[in-house]
2 protein chains.
Amino acid sequence: MLIRFKNPPVIRAYASVGGKEEYEGPLGAGLDFHDSENRFSADTWEKAESEMQRTALSLAIAKAGMESKKPDLLFAGDLINQCTSSTFGVLDFEIPFLGLFGACSTAAESLLLAALFVESGHAKNAAAVTSSHFCSAERQFRFPLEYGGQRPPTAQRTATASGAFILSGEGQGMFVTDAMVGIARDAGISDANNMGAAMAPAAVDTLTRYFRETETNPSEYDGIFTGDLGFEGHRIVKKFLTELGYDPGERYQDCGLLIYNRGMQDMHAGGSGCGCSAMVLAAKLLPEMEKGELTNILFIGTGALMSPASVQQGESIPGIAHLVHICWEKKGGKRS
Amino acid sequence: MLIRFKNPPVIRAYASVGGKEEYEGPLGAGLDFHDSENRFSADTWEKAESEMQRTALSLAIAKAGMESKKPDLLFAGDLINQCTSSTFGVLDFEIPFLGLFGACSTAAESLLLAALFVESGHAKNAAAVTSSHFCSAERQFRFPLEYGGQRPPTAQRTATASGAFILSGEGQGMFVTDAMVGIARDAGISDANNMGAAMAPAAVDTLTRYFRETETNPSEYDGIFTGDLGFEGHRIVKKFLTELGYDPGERYQDCGLLIYNRGMQDMHAGGSGCGCSAMVLAAKLLPEMEKGELTNILFIGTGALMSPASVQQGESIPGIAHLVHICWEKKGGKRS
C-alpha cells in the first residue's frame, strides 16, 4: 500500500547508540553514544537495552531542541518478548505511546506511522525509537551467552544498537515523502539461522510493488537500503530484482552488511535486529544526506515474523518489509 | 494525546469469535463463531489462536461485503511472544499489514490507527484484529495447563476470543469520532496476578485527561467500558474517578467483568487478554449500538506492559490505556 504524503514531514533530529562491536565497526564514528561493555550501566541485558532506547530518544529530543516541550507522540518497538525494552525505555518520558511489533522492520514501521501522524496534523511532531541488544536477544531467541553456542555461516548477529528519530511538520532538510506498507510473505524457510533468506522475498515484493506503483526504477534513487538481510538475503534480493527487470546495481546495499566490517569482525552473515537498520540510518545514511552525499534514498525495514516457539513447532518464517522514501527536498521520488 | 477525527470513519463491519467459556458466558449468543473445544481445528494452542484471528477477520470481511476487494490495510496484535498469533492469522489474506504490541490495549490501539489511516484518505478502509487464547497465554505467561497451577482471587482469566473490525470512509452507523493515545503509567505493582491494579492508574490517567481535554464528564456518555481491569481494577478506577470529581456511576463497566458470569463461572477477577475487549465490543457493545440501546460510548483498551522475564527480574508492571470514542452519529462526543 503506497502512501504519498501530501505534506511530507521532515526528520527534525535523530540519534544513534551502539555497543562495543558497533563502535569498532565502520560506523562507530557516527554514533552519538556507545558503551564498550554493552552494559549501559544496567544490571541486566534487558535493562541495558531499555537504557539504549532511553539514551537515543533523549539525545534526539535534545538535538531537536525539545527538552522543554516533548514530542506529542511516540512509536517504539523491539524484539524482546512483549516489547519490554521499549516499555521501560520510554516510560520516564511520559509521552503518549503506541507500541509496535514488526520484528526487525519496526524502525521503518515506526517512521511510517510517525510520518502519517504528523502529516495528518494530529501531531506537530512525533518520535520513533527502536532497539536490539545482542545479549538479550541471544538468551531469548537462542542460548544464554554462557552456553557458548556456535553459529552457522548464514547466521546473523543481533546488533547492540538503537536509533531515535523526531519527525516534524515544520522545518527543512530530509523529508519522508512517501512510504509503502509491506505484506507478510512466506517462502517456506524454517531455518532460524537463515533469516536473510526468510525476509528476502518480502523485500523483493515491497520493492517491486513500489517501483510499479510509483513508475520508477532503481536507477532513480541514490541508494536502496534493506534493513538486515545480511550476506544471504542481500544476494537473493539482488538476484531476484535483476531477474524481474529492476537491476539495482551497486546502489543496493543492506544495513546488516554496512554496520560491521565483515572481513575484520567475525559477524558471519552480517548484522540484524530492530536496532541495526535504525542505527545505520541515524549514524550513516541521514548524515550522508546532510553532507550532500545522498539526496534520495529508499529505506526498507525487513522483519522475520517468528518466535522461538513457532520455530520449535516447525512453522515457517514469514517475512515483512516496510519501505520509507527519504528525500533531501520534497521532490516526491524524483532525483534533483 | 486527543485525536479529533475531522471526517470520522465508520465501523462498517465487525465479527467476534470465542471459545467454550466465552460461549457459555452472558455474551455467547452474540458470537459469530465459537468452538467448544477451544481448538479451532488446530494441533497447537498457538495455531488455534491464529485460526481465531483468521476466522474473525474472514467473517468481518464477508459481513462488509468485501470478499472480492479486501481492505487496503490491516492492523493486528496479540499477547504471544513476537506476536506470532497475528502473523500466522493474517498471512493468507495478503493485505498490507502493520503489527502492533500494546498488550491487552491492542484492540483500542488498532481501532485508533485504522481510523487515522481511513480519515487521512490513505486507506479507503482498514481492518483491525486482535486475539488471545487461554491455553497459549497460560503456558507462555504462567504454566502449561498440565501443571494444574492454582490462581489467587485477584488473577484474571485470559479470554479465548478474537474480534475483527473494518473501518471505512463511507457509510452510516457507528463512527469513531475521536480517540486518545495513552501514556504508560507505572504505579509500582509487581504482582503478575494482580494486573487489574497495575493497569488501573493508566485507565484513570487517560480518562481524566480525556474529560479535561474534551470538557466533558462521564454523565455525557451512555457507557464507559475499560478493556480488562476485572474486579480489582474496575473497583480502583471507579474509586479514583469519583475522588477526582468524575463519578461515573453505573455507566462505567469493564469488558473483563461483562464477558463471563462471575457468579456461575469460576473466573476469579474476570477476563483479560487482547481478545477480551475486542470480543465484548463486537459481541455486545456494537450490537447494542445498532439496536439503539447505546449511542455514545467510550471504549478504553487497557494493557499491562510486562513479560514473564520482566516480572522474574523484579520489574514493576506499567500499564497503558488507549481510548476510542464511538458514536451512532457523527456528533463528536455529545449525546443526541
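The rules behind these values
Counting of residues starts from 1 at the beginning of each chain's written sequence and follows it residue by residue. Think of it this way: whatever chain is written first is A, whatever ligand is written first is 1, and the rest follow in order. Under the rules for a predicted model, residues below a pLDDT of 70 receive no local features and side-chain atom pairs below 80 are neither given nor counted, while totals for whole chains, interfaces and linings still include all residues. Working from all heavy atoms in the structure, the side-chain values ignore hydrogens and water. Every helix listed is a DSSP run of H or I at least four residues long, and every strand listed is a run of E at least two residues long, numbered separately from the N terminus. Note on method: radius of gyration uses C-alpha positions; expected globular size equals 2.2 Å times residues raised to 0.38. Buried means the residue's accessible area, taken with a 1.4 Å probe over protein chains only, is under 20% of the maximum for its type, while exposed means over 50%, and partly exposed covers the values in between. Each accessible area is a Shrake-Rupley estimate made with a 1.4 Å probe; only the visible protein chains count as cover when residues are assessed. Charge assignment: positive for Lys and Arg, negative for Asp and Glu; neither His nor the chain ends contribute. By convention, charge coordinates are those of NZ in Lys, CZ in Arg, CG in Asp, or CD in Glu. For a helix, the expected span equals 1.5 Å multiplied by the number of residues minus one. Grid points spaced at 1 Å and placed over the protein atoms alone form the basis of the search, with a cavity being a set where a 1.4 Å probe fits but cannot get out and a pocket an open set showing protein on both sides within 12 Å along at least five of seven lines. Lining residues have an atom within 4 Å of a point. Grid points are joined across faces, edges and corners, and a volume is the space filled by probe spheres set on the points. For this classification, the nonpolar set comprises Ala, Val, Leu, Ile, Met, Phe, Trp, Tyr, Cys and Pro, the charged set comprises Asp, Glu, Lys and Arg, and every other residue, Gly included, is treated as polar. We call two residues in contact whenever any of their non-hydrogen atoms come within 4.5 Å of each other. Cysteine sulfur pairs qualify as disulfides if the two atoms are within 2.5 Å. Computed with a 1.4 Å rolling probe, the buried area is the accessible surface lost when two parts are put together, summed over both parts. Think of a salt bridge as a Lys or Arg side-chain nitrogen and an Asp or Glu carboxyl oxygen that are within 4 Å of each other. Here a polar contact is recorded for every N or O atom pair within 3.5 Å, except that within protein the pair must consist of a potential hydrogen donor and a potential acceptor, and residues adjacent in sequence are included only if both atoms are side-chain atoms. Strand pairing follows a simple DSSP-based rule, namely that at least 2 bridges must link the two strands. For the least-squares superposition of copies, only C-alpha atoms count, and only for residues with pLDDT at least 70 in both. For this analysis, a ring pair means two rings from Phe, Tyr or Trp (six-membered ring only for Trp) whose centres lie within 6.5 Å, classed as stacked if their planes differ by under 30 degrees, edge-to-face if by over 60, and tilted for the remaining angles.

1. With respect to the overall build of chain A
Consideration 1: If you tally the helices and strands in chain A, you get 10 helices and 14 strands.
Consideration 2: Taking 336 residues into account, the globule formula puts the C-alpha radius of gyration at 20 Å, and chain A, at 18 Å, falls close to it.
Consideration 3: Expressed along its principal axes, the backbone C-alpha trace of chain A runs to roughly 50 × 50 × 35 Å.
Consideration 4: In chain A, which comprises 336 residues, the proportion classed as buried is 69%.
Consideration 5: Accessible surface, chain A as shown: approximately 11,200 Å² in total, 48% of it carbon and sulfur.
Consideration 6: In chain A, 29 positive and 40 negative side-chain charges are present, and the distance between their average locations comes to 4 Å.

2. Details of helix α2 (residues 45-63) of chain A
Residue pairs three or four apart in sequence face the same way in an α-helix, which turns once every 3.6 residues.
Residues and elements named next belong to chain A.
Consideration 1: Across its 19 residues, α2 extends 27 Å between first and last C-alpha, which sits within 8% of the 27 Å expected from 1.5 Å per residue.
Consideration 2: Looking at α2, one finds that the buried residues are Trp 45, Glu 46, Ala 48, Glu 49, Ser 50, Met 52, Gln 53, Thr 55, Ala 56, Leu 57, Ala 60 and Ile 61.
Consideration 3: At the exit of α2 stands Gly 65, carrying a positive phi of roughly 65°.

3. What to know about empty space enclosed by the protein
All names here are of chain B.
Consideration 1: Counting across every chain of the model gives 1 cavity of 30 Å³ or more.
Consideration 2: The computed volume of the largest cavity comes to approximately 190 Å³.
Consideration 3: Together, 21 residues line the largest cavity, and Cys 104, Arg 142, Met 195, Ser 272 and Met 306 are the ones closest to its centre.
Consideration 4: Per-class residue counts for the lining of the largest cavity are 11 nonpolar, 9 polar and 1 charged.

4. Focus: the environment of Met 195 of chain A
All names here are of chain A.
Consideration 1: The topology assignment puts Met 195 in helix α6 (residues 195-214).
Consideration 2: Separated by 25 residues in sequence, Met 195 and Glu 220 have C-alpha atoms that sit 29 Å apart.
Consideration 3: Apart from the residues within four sequence positions on either side, Met 195 is in contact with Arg 142, Gln 156, Ala 304 and Met 306.

5. Some thoughts on the state of the cysteines
Consideration 1: This structure, assessed with the given rule, holds 0 disulfides over all chains.
Consideration 2: Here Cys 83 of chain A stays free of any disulfide, with the sulfur of Cys 83 of chain B as its closest cysteine sulfur at 6.1 Å.
Consideration 3: On the basis of relative accessible area, Cys 83 of chain A is assigned to the buried category, the value being 5%.
Consideration 4: Distance from the sulfur of Cys 276 of chain B, which forms no disulfide, to the nearest cysteine sulfur (Cys 255 of chain B) is 6.0 Å.
Consideration 5: Judged by its relative accessible area of 0%, Cys 276 of chain B falls in the buried class.

6. Some points on the interface of chain B and chain A
Consideration 1: Counting from both sides, the interface comprises 58 residues of chain B and, opposite them, 58 residues of chain A.
Consideration 2: Between chain B and chain A the total buried area reaches about 4,400 Å² when both faces are included, carbon and sulfur atoms providing 66% of it.
Consideration 3: The largest share of the area that chain B buries against chain A comes from Met 1, Gln 82 and His 122 of chain B, three residues that together contribute 17% of it.
Consideration 4: Counting every contact that joins chain B to chain A gives 4 salt bridges.
Consideration 5: Counting across the interface, chain B meets chain A through 20 residue pairs in polar contact (both at pLDDT 80 or more).
Consideration 6: Examining the composition of the side of chain B that touches chain A, we find that 7 residues originate from one element, helix α4 (residues 106-120) of chain B, more than from any other.

7. Structural notes on the pairing of strand β9 (residues 175-180) of chain A
All names here are of chain A.
Consideration 1: Burial runs high along β9: 6 of the 6 residues are buried.
Consideration 2: Relative to strand β14 (residues 319-327), β9 is paired through 5 bridges, and the arrangement is antiparallel. Considered in β14, the bridge of Val 176 is made with Ile 326.

8. Considering helix α7 (residues 230-243) of chain A
Residue and element names in this part refer to chain A.
Consideration 1: Taking 1.5 Å of rise per residue, the 14 residues of α7 would be expected to cover 20 Å, and the 20 Å separating its terminal C-alpha atoms lies within 8% of that figure.
Consideration 2: Within the sequence span of α7, burial applies to Gly 230, Glu 232, Gly 233, His 234, Ile 236, Val 237 and Leu 241.
Consideration 3: Lining the buried residues of α7 we find α6, β11 (252-254) and α8 (255-258).
Consideration 4: Downstream of α7 by a residue or two, Gly 245 has a phi angle that is positive, lying close to 90°.

9. A look at the side chain of Glu 46 of chain B
Consideration 1: Its location among the elements puts Glu 46 of chain B in helix α2 (residues 45-63).
Consideration 2: In contact with Glu 46 of chain B, not counting residues within four places along its chain, are Gln 313 of chain A together with Ser 85, Ser 136 and Arg 139 of chain B.

10. Digging into the pattern of salt bridges
Consideration 1: Evaluated as defined, the whole model comprises 32 salt bridges over all chains.
Consideration 2: As a salt-bridge pair, Arg 54 of chain A and Glu 51 of chain A come within 2.7 Å of each other at their nearest N and O atoms. Of this pair, Arg 54 of chain A and Glu 51 of chain A both sit in helix α2, separated by 3 residues, roughly a single helical turn.
Consideration 3: The class for Arg 54 of chain A is partly exposed, based on a relative accessible area of 29%.
Consideration 4: Among the salt bridges present, the one from Lys 47 of chain B reaches Glu 315 of chain A, with a minimum N-O distance of 3.4 Å. Of the two residues, Lys 47 of chain B sits in helix α2 while Glu 315 of chain A sits in the loop between α10 (308-312) and β14, which places them in two different chains.

11. Brief notes about the relation of the copies chain B and chain A
Consideration 1: Laying chain B over chain A is done by rotating through 180° and shifting 0.0 Å along the axis; what remains is an RMSD of 0.0 Å. Considering both components of the superposition, the chain copies are consistent with a two-fold axis. Of the C-alpha atoms belonging to chain B, the one lying closest to the rotation axis is found on Leu 100 of chain B, 2.1 Å away.
Consideration 2: A shared interface surface links the copies, since 100% of the contact residues of chain B are contact residues in chain A too.

12. Quick notes on the packing of aromatic side chains
Consideration 1: Applying the stated criterion across every chain yields a total of 14 aromatic pairs over all chains.
Consideration 2: Centre to centre, the rings of Tyr 210 of chain A and Phe 211 of chain A are 6.3 Å apart; their planes meet at 65°, and the pair counts as edge-to-face.
Consideration 3: Between Phe 33 of chain B and Phe 40 of chain B the ring centres are 6.3 Å apart and the planes differ by 45°, which places this aromatic pair in the tilted class.
Consideration 4: Residue Phe 40 of chain B is classed as buried on the basis of its relative accessible area of 4%.

13. Considering unusual backbone geometry
Consideration 1: Although it is not a glycine, Cys 83 of chain A adopts a positive phi angle of roughly 50°.
Consideration 2: Looking at where Cys 83 of chain A falls in the secondary structure, it is placed in the loop between β4 (73-77) and α3 (84-90).
Consideration 3: Look at Gln 82 of chain B: it is not a glycine, yet its phi comes out positive at around 55°.
Consideration 4: Tracing the chain through its elements places Gln 82 of chain B in the loop between β4 (73-77) and α3 (84-90).

14. Thoughts on the pairing of strand β8 (residues 161-168) of chain B
Residue and element names in this part refer to chain B.
Consideration 1: Among the 8 residues in β8, 8 count as buried, and that is most of the element.
Consideration 2: Taking every second residue as pointing to the same face, both faces of β8 are buried, with Ala 161, Gly 163, Phe 165 and Leu 167 on one and Ser 162, Ala 164, Ile 166 and Ser 168 on the other.
Consideration 3: Note: strand β2 (residues 10-18) against β8, 8 bridges, orientation antiparallel. Along β8, the bridge assignment pairs Ser 16 with Gly 163.
Consideration 4: Bridge analysis of strand β6 (residues 125-132) against β8 gives 8 bridges, and the strand direction is antiparallel. In the sheet register, Ala 128 faces β8, and the bridge partner there is Phe 165.

Everything listed here is a matter of coordinates, which is why it stays silent on function.
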